[in-house]
Amino acid sequence: MKNVNYIINGVLAIAIVILFVMQFSDKKEASVVKPMTSEGDSPTGVLPVAYVNVDSLLENYNYAKDLNEIILKKAESSRASVNQKAASLQKEMEEFQRKISNNAFLTQERAEQEQQRLLNKRQELQDLDTRLSQELMAEQQKLNEQLRDSIVGQLKVFNQGRGFQVVFSNTAGDNILLANDAYDITAELLEYLNKNYANNK
């Protein structure tokens, strides 16, 4: 029992010594370290960080608008193609039902063949719809990567001379809940991106 008390007292003594050392070393460091927001660290008096409102950027960046237009046109084209084939198949099925009702098929076997043909055609249409949707998703992902690469690549050039150490992305207030407007570089970056896009176009 006495051994346990000695061990506890020893641990407490060591903890007190450590706290003393930390207390005195903190005071020394505090007198040496400058706060990052002092006027001498940055010409603007703010931290070397910024953020970009991604929703606003994508809504107003002309390159993003053009890529979105490409996807919309492809989606409309795919949908029109599927709808046209679906309408044609619907007519054939209605015609098949009319013939069945009027006993227009010479044999039961012939009616079953026609029914199977229409079922196969319907399956082909479903497969086409799935394939076109997958192609559209792959194309959208590819264009999104192109857009991201474009923004990140130009952001590096944009940042030369500005000296931001970190640039955050903010989507619908998801990442940054509260920040001073001085850290928002969305408008400035957007102007830079659109100018470059217009020149390259």
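Computed from a prediction, not measured in an experiment: that's the story for all the values here.

Procedures and definitions
- Residues numbered from 1 in each chain as written.
- Predicted model: local features only at pLDDT ≥ 70, side-chain atom pairs only at ≥ 80, totals over all residues.
- Heavy atoms only, no water.
- pLDDT = per-residue confidence, 0-100.
- Contact = heavy atoms within 4.5 Å.
- Core = buried A, V, L, I, M, F, W, Y, C linked by side-chain atoms within 4.5 Å.
- Buried < 20%, exposed > 50% of the residue type's maximum accessible area, 1.4 Å probe, protein only.
- Helix = DSSP H or I, 4+ residues; strand = E, 2+ residues; numbered from the N terminus.

*Asks:* Could you clarify how one ought to interpret the confidence of the model for the protein chain in this entry?
*Replies:* Detailed reading of predicted coordinates is not advised where the pLDDT is low. Put simply, the protein chain has an average pLDDT of 82, and 77% of its residues get 70 or more. Note that pLDDT drops below 50 for residues 24-41; the model gives that stretch 7 contacts with residues more than four away or on any other chain.

*Asks:* I'm lost on the nonpolar core in this one. Help?
*Replies:* For soluble globular proteins, the rule of thumb is that nonpolar side chains tend to be buried together. Ranked by internal contacts, the top residues of the largest apolar core, which has 18 residues, are Leu 57, Tyr 61, Tyr 63, Leu 147, Ile 151, Leu 189 and Leu 193. Secondary-structure elements contributing two or more residues to this core are strand E1 (49-53), helix H3 (62-101), helix H4 (108-159) and helix H5 (186-200). Filtering out sequence-adjacent residues up to four positions away, Leu 147 remains in contact with Leu 58, Tyr 61, Tyr 63, Ala 64 and Leu 67. Of all hydrophobic cores here, the second largest spans 9 residues; its members include Phe 96, Phe 105, Leu 125 and Leu 128.

*Asks:* Mind showing me how you'd approach the side chain of Ser 150 here?
*Replies:* Along the chain, Ser 150 falls in helix H4. For Ser 150, a relative accessible area of 18% translates into the label buried.

*Asks:* Looking at this model, I keep getting lost on the environment of Gln 126. Mind explaining?
*Replies:* The topology assignment puts Gln 126 in helix H4. Separated by 40 residues in sequence, Gln 126 and Ala 86 place their C-alpha atoms 9.4 Å apart.

*Asks:* Help me understand the environment of Leu 143 in this model?
*Replies:* Looking at where Leu 143 falls in the secondary structure, it is placed in helix H4. Separated by 73 residues in sequence, Leu 143 and Ile 70 have C-alpha atoms that sit 9.3 Å apart. Those residues in contact with Leu 143, other than ones at most four positions away along the chain, are Leu 67, Ile 70 and Ile 71.

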